[in-house]
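One-letter residues, chain by chain:
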Amino acid sequence: MEEVDGNVVLARALKEQGVEFVFGIVGFPVIELGMALQTAGIHFIGMRNEQAACYAAQAIGYLTGNPAGCLVVSGPGLIHAFGGMANAQVNCWPLIVIGGSAPQDHEGIGGFQETVPTQVELARPYCKYSARPASLKLIPMHVEKAVRLSKYGRPGVSYLDFPGNMLAARISSNEIPAQYTSPELPLILPNPQSIEDAIKLLMGAERPLVIVGKGAAYARAENEVVDLIESTNLPFLATPMGKGVVSDNSSKNVGPARSLALQKADVVLLLGARLNWILHFGREPRYAPDVKVIQIDIIAEELNNSIKSAVAIQSDLKAAVSQIVEKLKLKRFNFGNEKQWWKQLKMKCDGNRKGVQASAMDTSTPLNYYTVFHHIQEILPKNCIIVSEGANTMDIGRTMLLNDLPRHRLDAGTFGTMGVGLGFAIAAALYCRYYEPTKKVVCVEGDSAFGFSGMEIETMVRYKLPIVIIIVNNSGIYSGVDKELYEEIQSSGEITKVTPPTTLNYSTKYETMMHMFNRKGHFCQTVSEIQDALKESLNVTDGPSVINIIISPTADRKPQTFAWLTESKL
Ligand code: ADP
Ligand code: MG
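How each quantity is defined
Here the residue index of a chain counts from 1 through its sequence in written order. Throughout, the order in which chains and ligands are written sets their labels, letters from A for the former and numbers from 1 for the latter. Under the rules for a predicted model, residues below a pLDDT of 70 receive no local features and side-chain atom pairs below 80 are neither given nor counted, while totals for whole chains, interfaces and linings still include all residues. Think of the side-chain values as coming from all heavy atoms in the structure, minus any hydrogens and water. UniProt positions are given in the numbering used here, feature names are shortened, and annotations may be inferred rather than shown by experiment. Distances decide who is a donor: an N, O or S atom must be within 2.8 Å of the metal, or within 3.2 Å for Na, K and Ca. Water is not included, so sites may look incomplete. Consider each residue's heavy atoms; a residue with any of them within 4 Å of a molecule or strand counts as near. Counting of polar contacts relies on pairs of N or O atoms within 3.5 Å, with two restrictions inside protein: one atom must be capable of donating a hydrogen and the other of accepting it, and residues adjacent in sequence are counted only when both atoms are side-chain atoms. To qualify as a helix, a DSSP run of H or I must reach at least 4 residues; to qualify as a strand, a run of E must reach at least 2; elements of each kind are numbered from the N terminus. Just so you know the grouping, Ala, Val, Leu, Ile, Met, Phe, Trp, Tyr, Cys and Pro go in nonpolar, Asp, Glu, Lys and Arg go in charged, and all remaining residues, Gly too, go in polar. Only protein atoms enter the calculation, which uses a 1 Å grid: trapped sets of points that fit a 1.4 Å probe without letting it out are cavities, open sets showing protein on both sides within 12 Å along at least five of seven lines are pockets, and any residue with an atom within 4 Å of a point is a lining residue. Grid points are joined across faces, edges and corners, and a volume is the space filled by probe spheres set on the points. Two strands make a pair as long as DSSP finds a minimum of two bridges between them. Under this scheme, a helix contributes an axis fitted over its contacting stretch, all axes are lines through C-alpha atoms, and angles between N-to-C directions fall in the 0 to 180 degree range. Should any heavy atoms of two residues lie within 4.5 Å, those residues are counted as being in contact.

In the nomenclature of an unreviewed UniProt entry, the chain is known as 2-hydroxyacyl-CoA lyase of Henosepilachna vigintioctopunctata. Database annotation for the chain, UniProt heading Cofactor (unreviewed entry): "thiamine diphosphate". Annotation of the chain in UniProt includes, under Sequence similarities (unreviewed entry), the sentence "Belongs to the TPP enzyme family."

> Which parts of the structure should I look at to understand the coordination of the magnesium ion (ligand 2)?
Angles between donor atoms at a metal ideally measure 109.5 degrees for a four-coordinate tetrahedral arrangement and either 90 or 180 degrees for a six-coordinate octahedral one. For the magnesium ion (ligand 2), the full set of protein donor atoms is Asp447 (OD), Asn474 (OD1) and Gly476 (O), and the range of their distances to it is 2.0 to 2.1 Å. Within one chain, the residues serving as donors to the magnesium ion (ligand 2) are arranged as D-x26-N-x1-G.

> Sorry, what's going on with the site of ligand 1 here?
Around ligand 1, the surrounding shell holds 18 residues, and the nearest of these are Arg154, Lys214, Thr239, Arg274 and Asp297. Leu317 places a main-chain nitrogen or oxygen 3.0 Å from a nitrogen atom of ligand 1. Considering every element that reaches the shell around ligand 1, the biggest residue donor is helix 9 (residues 214-218), with three residues. A per-class count over the shell around ligand 1 returns five nonpolar, seven polar and six charged.

> Honestly, empty space enclosed by the protein in this entry has me stumped. Any pointers?
A probe matching the size of a water molecule, rolled over the atoms, marks out where space remains unfilled. Under the criterion given, the structure shown has one cavity of 30 Å³ or more. Roughly 80 Å³ of volume is contained in the largest cavity. What lines the largest cavity is Asn249, Gln377, Leu380, Pro381, Lys382, Cys384, Ile386, Leu402, Asn403 and Asp404. Grouping the constituent residues of the lining of the largest cavity by class yields five nonpolar, three polar and two charged.

> Looking at this model, I keep getting lost on the sheet that holds strand 6 (residues 129-131). Mind explaining?
Across the sheet, six strands lie side by side as 3-2-4-5-7-6; this open sheet has parallel pairing. The outermost strands of the open sheet, each flanked by one partner alone, are strand 3 (43-46) and strand 6. Each neighbouring strand pair of the sheet contributes to a mean axis angle of 20°, computed without reference to strand direction. Here strand 5 (residues 95-101) pairs with strand 7 (residues 157-163) via seven bridges, running parallel. Bridged to Gly100 within strand 7 is Phe162. Lying on the sheet, helix 16 (residues 421-435) is in contact with strand 2 (21-24) and strand 3; it crosses strand 2 at an angle near 155°.

If you want it as structure tokens, here you go:
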């Protein structure tokens, strides 16, 4: 007869339900659990902050469609993870969080790291499912439910709570009931009439536009969406993480004419994207007042949100898009290049590309964003996974760093969370190691964004993750101040009153963090230094590289037609 403790029961249940990776930080009462996970055959990645661990775990969920675990200690450990849980929930990514908690006989009398209300209640707003198994025998059932709920319907977060006494309790393994594993996702098919309505609208459109969201990436609908675009010649735009479902290099990509395309389209086919701030709520002035939206989403609750859709379809994207493509092919529908709409879009794309090209050729130092990204893009392997965050770094990088493949861009996402980058990169590098070993991970960070989780480079060194971290360093948040002004501020007697809140230390040598590990860092101020550093770093296979690129503290974005986020018509 085999006697096991709660750690072993939980670890085996997670493995049985398909959890392959757990990220976290151990401490009371989950130290033995970390080891039990490894004994059960699960990868355990010890991180330096629970928030970063939680970001890493959810990126695995997005990249594989299967949730990873995030393991945290009681009280503050779980609370640190809430930032990550909120981010996963808002982005609709599957994730399982496992929290240790104070022993039950210390509850109510001020147990070590005890929370009031309980951790199950505290976690609930960030979850689809939050529970504490009532006994060791019930652990496998709750783990199955947690995994299933994280994936079914709209993906999201599950939290399971384990008091110290439960993890330490023992039971004979033959008393643990066998637990089924749920089948893969139930197929949700579209209403046939809605597909007909969609076809009719699309075929009658004068200025059609397809918008590809990260729901299409998550749904693994790339073959269907590419088929749709290629066979119909419809113009498309991708949202930030929808990039790559259809290659950014496709001639049908009207990303460079984004504002015009949104503003003038008469029919929008919305594939797995919400009409939230990223898509300007689907409203005027960013869209035509009478735009007709064909919306496809996995959950009914999202349909007709913010504006009323002309056709609202609850369906898995693969299924709905393949039906639409088949029908359009039967009708030999093709939106030819001779159409006025295509001419308008192409002209705008060409004009905008030329404007960017001019800035990108300016190699005077300190460099500007466009020059930096242009030269990075020239060297990056086409199939690399790009992680990106920061304000200007992410916004400008999104338009200049191209994605050829789906799920190859990870960024601050729907929640606009800064600090996600290093955790995402760690997950992406592990994903590559086990599933796509020929690929590289490049993490393009603003200097402020890097600061949130910079210590995770130790994690990257420890697990030999060959991540290329590029810090686009403007010595500030949005912008910094130049050297002379910075020195003046530093010598003033009222440093906290006069340092602009957006300012960070001038020209910080972030690359020297690599010296802590006897590794080389790169400090770049010119284009040729960037090229050399990037080429060298892409060949490193045994750990991370840091390339610190100094740009002008006052480098800015090109002027935009619409002020970002500031306009409001509500
Ligand atoms: P983006 O960031 O690209 O704008 P969002 O995160 O706002 O994308 O929207 C993604 C949408 O995709 C969500 O509303 C989600 O419910 C939906 N979704 C997720 N998986 C699927 C799927 N398999 N089929 C259809 N829609 C999906
Ligand atoms: Mg900055």
